[in-house]
Amino acid sequence: MHLEEIAVLPGHAECVWHASWSPDGSLLATCGSDKTIRIWACARDRWDCVATLEDAQNRTIRACEWSPNGQFIASVSFDATTVIWERRGELYEVVASLEGHESEVKSVSWSPSGSFLATCSRDKSVWIWEADPDTDFECISVLHAHSQDVKFVMWHPTEDLLFSTSYDDTICVWAENDDDWFCKETLKGHASTVWGLALRADGRFMASCSDDTNVLLWQHQPGTSADGRPTEWQPLQALEGLHERSVFSVDWHPTKNCIATGCGDDSIRIFAETPTGQFELAFRQANAHAGCLLGSRAELTAHNVGDVNCVRWCKRHPDLLVSTGDDCVARLWRLVA
């Protein structure tokens, strides 16, 4: 099992933070510190930028995500706003700008039904919006359970259950009860900032990544904690000592039981399940971003090893992986098993 680079997507003027595949896999959205979103499409085996979305947010665009129906893109920025773009053929138009967070907005996620949008911020809060263009994306709940900067939000793949990760080293699980959202469970296991998480397609397993250089695997298995509290998610395995720096991004393969990670040591790693049910390191792509610009591995120093900021599998084309980095480009990789 290894990765083959199949395309390099230049165009961003600064660091590329995030990438999101459209539901049908035909388009890719990337965003970054240059305050733009770029839309990429493949024609005759060549990926080209077909649209640049700009002038809607005036600071770094930290994340962007396609809606489940492929009609909208939500982007969040360090200017504390969330902008909703509507796709109209080959054109994209701003249809809403959502305000309310007091500081940088770090992540955004659409619920699987498309009914809700979640955002999180440096202001320690998670906001849930009713994702209906006719109601101008009304905020229906502001959630406070984290004690520090909230880094990432993601919905469960099959139900309206929300996960958030934070600088406070925890993962919060949010659920709805009689139109009121509450923190159903707080997961502790990491020793530092939890940068992100990913769930397997069936929603039964989860992987989380952290500044502590570890990836933790969790299993949905209702039980009881040591102090007698009901629990839903149990720790399954810790992938320790396999990353040299912070792990910024993790994503679960759509059809295979393997995960990809993006790390601050300029590497992408693939972990695969073994016959014993444990996950092991199957492949490491070194020099994935900043290192690609240099003549040899010997030239790398602590100052020019770049971060791999985001890794995302394409659900429609499962062995296609995108990564983004500090080298101002997105890179496309094919998983060869």
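Please read these numbers as outputs of a predicted model, since none were measured by experiment. Each chain has its residues counted from 1, running along the sequence as written. With the structure being a predicted model, the display of local features is reserved for residues of pLDDT at least 70 and the display and counting of side-chain atom pairs for 80 or more, all residues being used for whole-chain, interface and lining totals. Calculation of side-chain values draws on the structure's entire complement of heavy atoms; hydrogens and water are dropped beforehand.

### Digging into the overall build of the protein chain
Argument step 1. Secondary structure counts use DSSP, requiring at least four H or I residues in a row for a helix and at least two E residues in a row for a strand, with both numbered from the N terminus. What the protein chain contains, in helices and strands, is 0 helices and 28 strands.
Argument step 2. Viewed in the frame of its principal axes, the protein chain has a C-alpha envelope of about 55 × 50 × 35 Å.
Argument step 3. To be clear on the numbers: accessible area is Shrake-Rupley with a 1.4 Å probe, and residue cover counts the displayed protein chains and nothing else. Only carbon and sulfur atoms are counted for the fraction: they give 44% of the accessible area of the protein chain, which is about 14200 Å².
Argument step 4. The sign given to each residue is positive for Lys and Arg and negative for Asp and Glu; His and the chain ends receive no count. Think of each charge as sitting on NZ of Lys, CZ of Arg, CG of Asp or CD of Glu. Computed over 27 positive and 50 negative side-chain charges, the separation of the two mean positions in the protein chain equals 6 Å.

### Details of the sheet that holds strand β17 (residues 180-188)
Argument step 1. Two strands are counted as paired when DSSP detects at least two bridges linking them. Spatial ordering of the open sheet is given by β14-β15-β16-β17, a layout of 4 strands whose pairing is antiparallel. Two strands close off the open sheet at either side, each with one partner strand: β14 (150-155) and β17. The average undirected angle you get between the axes of adjacent strands in this sheet is 25°.
Argument step 2. By the bridge criterion, 8 bridges tie strand β16 (residues 170-177) to β17 in an arrangement that is antiparallel. The convention used is that axes are lines fitted to C-alpha atoms, helices contributing only their stretch in contact, and that angles between N-to-C directions extend from 0 to 180 degrees.

### Some words on the sheet that holds strand β25 (residues 279-285)
Argument step 1. On the basis of which strands lie adjacent, the open sheet formed by 4 strands has the order β22-β23-β24-β25 and antiparallel pairing. Unpaired on one side and paired on the other, β22 (247-252) and β25 mark the two borders of the sheet. On average, adjacent strands in this sheet sit at an angle of 25° to one another, irrespective of strand direction.
Argument step 2. As paired elements, β22 and strand β23 (residues 258-263) share 5 bridges and run antiparallel to each other. Bridge pairing in β23 links D251 to A260.

### Thoughts on the state of the cysteines
What is meant by a disulfide is a covalent connection between two cysteines, made through their sulfur atoms.
Argument step 1. When the sulfur atoms of two cysteines come within 2.5 Å, that pair is taken as a disulfide. According to the stated counting rule, one finds 0 disulfides in the structure shown.
Argument step 2. The cysteine C49 is free of any disulfide, with C64 supplying the nearest cysteine sulfur at 12 Å.
Argument step 3. No disulfide involves C258; its sulfur sits 14 Å from that of C314, the nearest cysteine.

### A look at the UniProt feature "repeat: WD" (unreviewed entry) in the protein chain
Argument step 1. UniProt positions are given in the numbering used here, feature names are shortened, and annotations may be inferred rather than shown by experiment. When the UniProt feature table is mapped to this numbering, "repeat: WD" (unreviewed entry) covers residues 9-40, 54-86, 98-130, 143-174 and 187-219.
Argument step 2. Helix makes up 0% of residues 143-174 and strand 53%, whereas the separation of the span's terminal C-alpha atoms amounts to 9 Å.
Argument step 3. Along residues 187-219, the helical share is 0% and the strand share 58%, with 12 Å between the first and last C-alpha atoms.

### Some points on the pattern of salt bridges
Argument step 1. Criterion for a salt bridge: a side-chain nitrogen of Lys or Arg within 4 Å of a carboxyl oxygen of Asp or Glu. One pass over the full model with this rule turns up 15 salt bridges.
Argument step 2. Close ionic contact of R59 with E104 constitutes a salt bridge, the shortest N to O distance being 3.5 Å. Of the two residues, R59 is situated in the loop between β5 (46-53) and β6 (61-66) and E104 in the loop between β9 (91-98) and β10 (105-110); the sequence distance between them amounts to 45 residues.
Argument step 3. Relative accessible area decides the class of each residue, using a 1.4 Å probe on protein chains only: under 20% of the type maximum gives buried, over 50% gives exposed, and in between gives partly exposed. On the basis of relative accessible area, R59 is assigned to the partly exposed category, the value being 38%.
Argument step 4. What makes E104 buried here is its relative accessible area of 13%.

### Some remarks on the packing of aromatic side chains
Argument step 1. The rule is short: rings of Phe, Tyr and Trp, with Trp giving its six-membered ring, pair when the centres are within 6.5 Å, and they are stacked under 30 degrees, edge-to-face over 60, tilted in between. Under the counting rule described, the total for this entry stands at 12 aromatic pairs.
Argument step 2. Taking the centre distance of 5.9 Å and the plane angle of 20° together, the rings of F116 and W155 count as stacked. Here F116, found in strand β11 (residues 116-121), pairs with W155, found in strand β14; they are 39 residues apart in sequence, far enough to count as distant. Neither residue differs from the other here; F116 and W155 are each classed as buried.
Argument step 3. Seen in terms of ring centroids, W155 and W181 are 5.6 Å apart; in terms of plane orientation they differ by 80°. Their pairing is edge-to-face. Of this pair, W155 sits in strand β14 while W181 sits in strand β17; the two residues are 26 residues apart in sequence, bridging distant segments of the chain.

### Some remarks on a negative patch on the surface
Argument step 1. Taken together, E176, D178, D179 and D180 make up a surface patch of like negative charges.
Argument step 2. Inspection of the secondary structure puts E176 in strand β16. For patches, a residue must show more than 30% relative accessible area and have no salt bridge; joins then use 9 Å for like charges and 5 Å for nonpolar side chains, namely Val, Leu, Ile, Met, Phe, Trp and Tyr.

### With respect to the environment of L236
Argument step 1. Its location among the elements puts L236 in strand β21 (residues 230-239).
Argument step 2. For L236, a relative accessible area of 38% puts it in the partly exposed group.
Argument step 3. Once residues within four sequence positions are removed from consideration, L236 is found in contact with F205, L217, W218 and Q219. Contacts are residue-level and defined by heavy atoms, with any inter-residue pair within 4.5 Å sufficient.

### Focus on the layout of surface pockets
Argument step 1. Cavity means a closed set of points on a 1 Å grid over the protein atoms alone, one where a 1.4 Å probe fits but cannot get out, pocket means an open set with protein on both sides within 12 Å along at least 5 of 7 lines, and lining means a residue has an atom within 4 Å of a point. Grid points are joined across faces, edges and corners, and a volume is the space filled by probe spheres set on the points. One number sums up the size of the largest pocket: a volume of about 910 Å³.
Argument step 2. In terms of lining residues, the largest pocket is bounded by 37 residues, among which E65, W110, M154, P157 and K315 are the most central.
Argument step 3. Taken together, the elements giving at least two residues each to the lining of the largest pocket come down to β2 (16-21), β6, β10, β14, β18 (194-199), β22 and β26 (308-313).
Argument step 4. Of the residues that constitute the lining of the largest pocket, the class distribution is 21 nonpolar, 10 polar and 6 charged.
Argument step 5. Quantified by volume, the second largest pocket comes out at close to 200 Å³. Amino acid classes used here: Ala, Val, Leu, Ile, Met, Phe, Trp, Tyr, Cys and Pro are nonpolar; Asp, Glu, Lys and Arg are charged; the rest, including Gly, are polar.

### Focus: the pairing of β6
Sheet faces and side chains relate simply in a regular strand, where the side chains alternate between the two faces.
Argument step 1. The buried count for β6 comes to 6 of 6 residues, which makes it a mostly enclosed element.
Argument step 2. Where β6 lies against strand β7 (residues 72-77), 5 bridges are found, and the strand directions are antiparallel. Bridging from a neighbouring strand, A63 pairs with V76 of β7.
Argument step 3. Here β6 folds back onto β7 in antiparallel fashion, the turn holding 5 residues, of which G70 has a positive phi close to 75°.

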